[in-house]
Every structure is written in structure tokens, then in C-alpha cells.
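# Descriptive analysis of the structure
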Amino acid sequence: MAWGELQAGACWASGGCGSPRRGSCSCCRSCSRGCCPRLPRPIALPTNRSSWCTVSLTAHTASATCWNTSTSIAPFPQTHPGTVVTVLDLFDGRESLRPLWEQVQGFGEAVAPIMAKAPEGVHLICYSQGGLVCRALLSVMDEHNVDSFISLSSPQMGQYGDTDYLKWLFPTSMRSNLYRICYSPWGQEFSICNYWHDPHHDDLYLNASSFLALINGERDHPNATAWRKNFLRVGRLVLIGGPDDGVITPWQSSFFGFYDANETVLEMEEQPVYLRDSFGLKTLLARGAIVRCPMAGISHTAWHSNRTLYEACIEPWLS
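Along each chain, the written sequence defines residue order, and numbers are assigned to residues from 1. Local features in this predicted model are restricted to residues of pLDDT 70 or higher, and side-chain atom pairs are both shown and tallied only at a pLDDT of 80 or more, whereas totals for entire chains, interfaces and linings draw on every residue. Just so you know, side-chain values use all the structure's heavy atoms and leave hydrogens and water out.

The name an unreviewed UniProt entry gives the protein is Lysosomal thioesterase PPT2, with Leptonychotes weddellii as the organism. Regarding the protein, the relevant UniProt record gives this comment under Function (unreviewed entry): "Catalyzes the cleavage of thioester bonds from S-palmitoyl-CoA or S-palmitoyl-N-acetylcysteamine (unbranched structures) but does not have activity against palmitoylcysteine or palmitoylated proteins, branched structures or bulky head groups. Conversely, hydrolyzes both long and short chain fatty acyl-CoA substrate." UniProt positions are given in the numbering used here, feature names are shortened, and annotations may be inferred rather than shown by experiment.

As C-alpha cells, then:
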């Protein structure tokens with residue numbers, strides 16, 4: 001069963017070339033440009049019984065194509081020959097509604113051995129809700145070795161929009177009053193509420209959000225400094241999304257843009273979390289480590305099966 005909108009997305013992990021602090025490859029961080037030898041890297045794929053990936057953060061590497069289980073592996077021999085594939089299958093279907101911190105813990109336990117077997121570094125490609133799980137994972141893992149974190153149509157600054165999925169989950173609520181559910185202890189038990197971001201009730205969001213406000217550094221907590229340090233270990237942050245997504249609202253959330261109180265979209269550089277550098281965005285941009293790849297004409301459920309998107313926005317950052 002394909003859950004579609006704002007479900008737990010897919011995340012893939014594989015070995016990438018490391019920097020001097022990550023292994024024996026003593027070269028520049030841009031080793032994808034040829035200053036390091038290319039070696040086969042481990043890949044993990046989602047088990048998938050539908051036409052597209054339904055796992056929240058499944059590890060996989062080198063390719064965002066995931067049409068179905070019989071074809072999703074096809075691009076790997078072409079672009080990354082010799083890569084070992086590992087399958088992870090967690091938080092499928094209704095389980096994707098589990099609280100995101102629970103999913104972060106589960107996938108952290110699954111991804112850690114993959115990282116341990118790839119001392120030169122790994123890549124993460126994280127789709128939809130899985131992009132938030134990935135970002136939280138990179139914040140809480142003290143010794144992660146992620147070179148490229150590729151966020152594929154993920155609501156990184158939150159979601160504020162009616163979708164069929166929300167109507168199924170909360171049939172009596174509209175986006176204007178969903179805060180009454182999401183900003184309650186009961187509501188925070190649902191993954192979608194963990195990143196529901198109502199621009200008209202910012203105080204309630206900051207006080208009630210048990211996930212997004214924390215990983216954004218919008219609310220003080222004792223781990224904020226350590227989480228920021230961990231996140232800044234990432235070699236490169238690649239942000240992908242587009243105006244025809246149809247689910248992520250506003251679509252600029254995929255690039256850390258979001259609404260102000262008047263529902264005018266403010267871009268990343270205008271966001272308080274960027275201006276305060278609360279979790280490292282400003283630092284990453286200053287060191288040239290943020291890549292933005294907007295692409296029109298792709299709907300939300302088609303991002304991970306679009307070969308043009310893969311070749312333009314993903315494959316260049318995987319070597």
C-alpha cells in the first residue's frame with residue numbers, strides 16, 4: 001500500500017570518500033573530483049511492496065531511484081559498480097506515524113553498523129519525512145561520518161498545508177485549526193504533528209513542538225550545543241525540492257524557507273534559525289557546503305523515481 005503524502009520517506013546510506021578525519025584517504029573533502037580512489041561502498045535499500053518506497057529513513061546510497069523492488073537496484077551497476085547493498089525495513093505503513101524521536105532511535109541503531117563498516121564516510125539520501133529523521137539523526141550522533149546529506153523534498157522547516165493524508169488522519173480538522181490537536185501532548189504522539197508549523201501560532205509551536213523546534217534550535221535545551229557540533233560534521237548538505245511538489249507546503253520548506261505570520265514565504269537566509277545560526281545553517285553556507293537544487297515539474301511521489309533529477313541533483317554528490 002503506497003501511503004503517498006508526507007509519510008515516512010526513504011533514506012539511503014552508502015560509503016563516500018572521507019576527509020582526513022574520517023579515514024586513510026588523506027585528500028581534500030571534494031574527493032568526488034578525483035583526488036581519492038573510488039572504492040565500492042555499502043548500500044542499503046528499503047524493502048518495498050508498492051510502487052515506491054514507504055520506509056521512513058531506509059538506508060541506500062548512490063541513487064534516488066526507487067520504482068519498485070525489482071527495478072530500484074538497477075541504477076547502481078551503472079553509476080556505482082561494486083557497491084554492496086543492504087536492506088533495512090523499519091516504520092512501514094501506519095508505523096510511519098510513530099513519533100519521530102522513536103524513528104530516529106530505530107534508524108540510528110540500524111545505520112550505525114553501516115557507518116562503522118565504511119570508515120571513509122557515508123552518504124545519506126533522505127526523502128520526505130525521512131529527511132527530518134535524517135537531520136535529527138545527524139544531530140544526535142556524536143561520531144557520524146556523513147559526507148553528503150541529500151534532503152529530497154523534505155519539509156525541513158515544517159509543514160503548513162492541507163493534504164489528503166492529513167484529511168485521512170484528522171478528518172474534522174483543517175490547517176487553520178490543526179494546531180489545537182498537534183500542539184497538545186496527545187498530538188505530539190503523531191509524526192506529522194512533530195513538524196506541524198503553524199505560522200499564526202508561533203508561541204504554541206515553540207512551547208509544544210517536541211521535535212522540530214528542538215532540532216532547529218528554536219527552543220533552549222541542554223543538548224543544543226552538542227547537536228549543532230554534530231550536525232556540522234556533515235561534509236555537504238544538498239537540498240532538493242520544487243514548486244510542483246503538491247504536498248510540501250510551502251514547497252520552499254525543502255530549502256529551509258517558510259511562511260511568516262502573513263503567509264509570505266521567507267527564504268532560508270531570512271529565517272531566524274539561519275540568522276542566529278542556531279543549528280549550523282549559516283556556518284555550512286559560509287563554507288560552501290550547501291547545494292540547492294530546485295526542479296519544477298515533479299510531484300511529491302515522483303521525486304525518487306525521476307532519472308533526470310537523480311542525474312542532475314543527486315549522482316554528482318555521491319562519489
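On we go.
### Points about the state of the cysteines
To count as a disulfide, a pair of cysteine sulfur atoms needs to be within 2.5 Å. In this structure the tally under the stated criterion is 3 disulfides. A disulfide bridge connects Cys-126 with Cys-134, and the sulfur atoms are separated by 1.9 Å. Here the disulfide of Cys-126 and Cys-134 is left-handed, its torsion about the S-S bond being about -70°. Take Cys-126 and Cys-134: they sit in the same class, and that class is buried. Here Cys-293 engages in a disulfide with Cys-313; their sulfurs sit 1.8 Å apart. Every disulfide takes its handedness from the sign of the S-S torsion; for Cys-293 and Cys-313 that torsion is -45°, giving left-handed. Here Cys-293 is found in strand β9 (residues 290–294), whereas its partner Cys-313 is found in helix α12 (residues 307–314), with 20 residues between them in sequence. The pair formed by Cys-293 and Cys-313 is uniform in burial state, with each residue classed as buried. Only protein chains enter the calculation, and the probe is 1.4 Å; a residue is then buried if its accessible area is under 20% of its type maximum, exposed if over 50%, and partly exposed in between. Each helix corresponds to a stretch of at least 4 residues labelled H or I by DSSP, and each strand to a stretch of at least 2 residues labelled E; elements are numbered beginning at the N terminus.

### Comments concerning unusual backbone geometry
For the bond running from Thr-249 to Pro-250, omega is -5°, close enough to zero to count as cis. Its place among the elements puts Pro-250 in the loop between β6 (236–241) and β7 (258–259). Backbone geometry places Ser-153, a non-glycine residue, at a positive phi of 50°. Relative to the elements of secondary structure, Ser-153 occurs in the loop between β5 (146–152) and α4 (164–169). Take Ser-153: its relative accessible area is 1%, and that puts it in the buried class. One non-glycine residue, Glu-263, lies in the positive phi region at around 60°.

### Section: the packing of helix α2 (residues 100–116) against helix α3 (residues 129–140)
Interhelical geometry of α2 versus α3 gives an angle of 70° and a closest axis separation of 9 Å. As summarised for this structure, α2 and α3 are arranged roughly perpendicular, according to the angle between their axes. In the crossing of α2 with α3, the sense of the turn from one axis to the other is right-handed. Where α2 abuts α3, its residues Leu-100, Trp-101, Gln-103, Val-104, Gly-108 and Val-111 lie against Gln-129, Leu-132, Val-133, Ala-136, Leu-137 and Val-140. The nonpolar class holds Ala, Val, Leu, Ile, Met, Phe, Trp, Tyr, Cys and Pro. Asp, Glu, Lys and Arg form the charged class, and all remaining residues, Gly among them, are polar. Its residues placed into classes, the contact of α2 with α3 shows 9 nonpolar, 3 polar and no charged. Each axis is a line fitted through C-alpha atoms, taken for helices only over the stretch in contact, and angles between the N-to-C directions span 0 to 180 degrees. Orientation labels follow simple angle bins: below 35 degrees gives roughly parallel, above 145 gives roughly antiparallel, 65 to 115 gives roughly perpendicular, and whatever is left gives oblique. Two helices that cross are described as forming a left-handed crossing if the nearer one is turned anticlockwise from the farther one by less than a right angle, and a right-handed crossing if clockwise. Whether two residues are in contact is decided by their heavy atoms, any of which lying within 4.5 Å being enough.

### Observations concerning helix α9 (residues 224–231)
Restricting attention to buried positions, one finds in α9 the residues Trp-227, Asn-230 and Phe-231. Mapping the buried residues of α9 onto a view down its axis gives an arc of 95°, with all of them on the same face. Away from its buried face by more than 90 degrees, α9 exposes Thr-225 and Lys-229. Residues of α9 that are buried in the fold lie against α2, α3, β5, α8 (212–215), β6 and α11 (281–286). Working note: the arc is built from the helix axis to C-beta atom directions.

### Digging into the packing of α3 against α9
Two numbers describe how α3 lies on α9: the axes approach to 6 Å, and their chain directions differ by 110°. Comparing their axes, α9 and α3 come out roughly perpendicular. Of the residues in α9, those touching α3 at Arg-135, Leu-138, Ser-139 and Val-140 are Ala-226, Trp-227, Asn-230 and Phe-231. When grouped by side-chain class, the residues that make up the contact of α3 with α9 number 5 nonpolar, 2 polar and 1 charged.

### Notes on the packing of aromatic side chains
Classification of ring pairs rests on two measures: the distance between centres of Phe, Tyr or Trp rings, Trp counted by its six-membered ring, which must be within 6.5 Å, and the angle between planes, read as stacked under 30 degrees, edge-to-face over 60 and tilted in between. Per the counting criterion, the structure on display carries 11 aromatic pairs. On the numbers, 5.5 Å between centres and 45° between planes, the contact of Trp-101 with Trp-227 is tilted. With a gap of 126 residues between them, Trp-101 in helix α2 and Trp-227 in helix α9 connect regions that are remote in the sequence. Considering the side-chain rings of Trp-186 and Phe-190, the 5.1 Å spacing of their centres and the 70° angle between planes classify their relative orientation as edge-to-face. An aromatic cluster is built from Tyr-160, Trp-196, Phe-258 and Tyr-259, whose rings are joined through pairwise contacts.

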